[in-house]
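Fold and geometry: a report
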Amino acid sequence: AQSVAQPEDQVNVAEGNPLTVKCTYSVSGNPYLFWYVQYPNRGLQFLLKYITGDNLVKGSYGFEAEFNKSQTSFHLKKPSALVSDSALYFCAVRGGTYKYIFGTGTRLKVLA
Amino acid sequence: EPEVTQTPSHQVTQMGQEVILRCVPISNHLYFYWYRQILGQKVEFLVSFYNNEISEKSEIFDDQFSVERPDGSNFTLKIRSTKLEDSAMYFCASSQGTGPSYEQYFGPGTRLTVT
């Protein structure tokens, strides 16, 4: 069965420092992986996806993610965190033709 | 940028009552979805809908749930007789297609509280 794990409930990072939000996955077949962000009172906003090709995927707002097949990971990264990056981040994997399977979410707090 | 919208933002209902949650997907999207998130838990898939038919549903989506596209713009989720455990945030989503290059776009959610 397809699944996604986000091992950290919360990540704290100082503004200007690099950030990493971790995600590992388990799929049968090709993994199609996604990161979404949720700000308060907003929907899940698409950040980036890995379908095939380069292991480093660039997305919105300066975020990028590194696909690592041997470690079955898809960690979200940003070289320099902003206070405005504070939000809830969800990793997801395509679980079939239609549905996404989400992780439990990681709350990112960027401290000024 | 086009957005998925949902109404109401918060719905409070009594156990056993029927509720209808409303969504307006992005206008050129063809595939529609409902997900839910019980407080503190994962976002879970409920159902997908295409061409006026359910294309996939999860085991959560039992006979108490139904979906409909009553006109060219709205997509609704009905819960016939709500239970306490239906209390959750319900997200609507839409996409242009279902291939891996088509990401789903989510609305802001409706918080349903069943008392």
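Relevant structure appears above.
Here the structure is a predicted model, which means the values were calculated and not measured.

Before going further, it helps to spend a moment on the overall build of chain B. When helices and strands are counted, chain B shows zero helices and 11 strands. Ordered by position from the N terminus, the helices and strands of chain B form the series β-β-β-β-β-β-β-β-β-β-β. Whereas a compact globule of 115 residues would reach a radius of gyration of roughly 13 Å, chain B reaches 13 Å, a difference of no more than 12%. When the backbone C-alpha atoms are referred to their principal axes, chain B occupies close to 40 × 30 × 25 Å. By residue count, 44% of the 115 residues in chain B fall in the buried class. For chain B, long-range pairs separated by at least 24 residues make up 55% of all intrachain contacts whose partners lie at least 6 apart in sequence.

On to the environment of phenylalanine 91 of chain B. By secondary structure assignment, the location of phenylalanine 91 of chain B is in strand S9 (residues 88-95). With 55 residues separating them in the primary sequence, phenylalanine 91 of chain B and arginine 36 of chain B have C-alpha atoms 5.8 Å apart. Not counting chain neighbours up to four residues away, the residues in contact with phenylalanine 91 of chain B comprise Gln38 of chain A together with Gln6, Tyr33, Trp34, Tyr35, Gln37, Phe106, Gly107, Pro108 and Gly109 of chain B.

This paragraph deals with the interface of chain A and chain B. Listed by partner, the interface residues are 21 residues for chain A and 22 residues for chain B. Between chain A and chain B, roughly 1,900 Å² of surface is buried when both sides are summed, and carbon and sulfur atoms account for 57% of that area. The tally of links between chain A and chain B comes to two salt bridges. Along the contact surface separating chain A from chain B lie eight residue pairs in polar contact (both at pLDDT 80 or more). Secondary structure elements with two or more residues in the side of chain A that touches chain B: strand S5 (33-38), strand S6 (44-50), strand S10 (87-94) and strand S11 (100-102) of chain A. Residue classes in the side of chain A that touches chain B are distributed as 11 nonpolar, six polar and four charged.

Right, let's get into the nonpolar core. Counting residues in hydrophobic clusters, the biggest one holds 28 residues, and the most contacted among them are Trp35, Leu47, Leu48, Phe74, Leu76 and Tyr89 of chain A. Breaking this core down by element, the ones donating at least two residues are strand S2 (10-14), strand S3 (19-21), S5, S6, strand S8 (64-68), strand S9 (73-78), S10 and strand S12 (106-111) of chain A. Those residues in contact with phenylalanine 74 of chain A that sit more than four places away from it in its chain are Cys23, Leu33, Phe34, Trp35, Leu48, Lys49, Tyr50, Val57, Ala65, Glu66 and Phe67 of chain A. With 22 residues, the next largest nonpolar core counts Ile26, Phe32, Phe75 and Leu77 of chain B among its residues.

Criteria and thresholds
- Residues numbered from 1 in each chain as written.
- Chains lettered and ligands numbered in written order.
- Predicted model: local features only at pLDDT ≥ 70, side-chain atom pairs only at ≥ 80, totals over all residues.
- Heavy atoms only, no water.
- Helix = DSSP H or I, 4+ residues; strand = E, 2+ residues; numbered from the N terminus.
- Rg over C-alpha atoms; globule rule 2.2 N^0.38 Å.
- Buried < 20%, exposed > 50% of the residue type's maximum accessible area, 1.4 Å probe, protein only.
- Contact = heavy atoms within 4.5 Å.
- Buried area = accessible area lost by both parts, 1.4 Å probe.
- Salt bridge = Lys/Arg side-chain N within 4 Å of Asp/Glu carboxyl O.
- Polar contact = N/O pair within 3.5 Å; in protein donor to acceptor, adjacent residues only side chain to side chain.
- Nonpolar A, V, L, I, M, F, W, Y, C, P; charged D, E, K, R; others polar.
- Core = buried A, V, L, I, M, F, W, Y, C linked by side-chain atoms within 4.5 Å.

The analysis is restricted to geometry; functional conclusions fall outside its scope.
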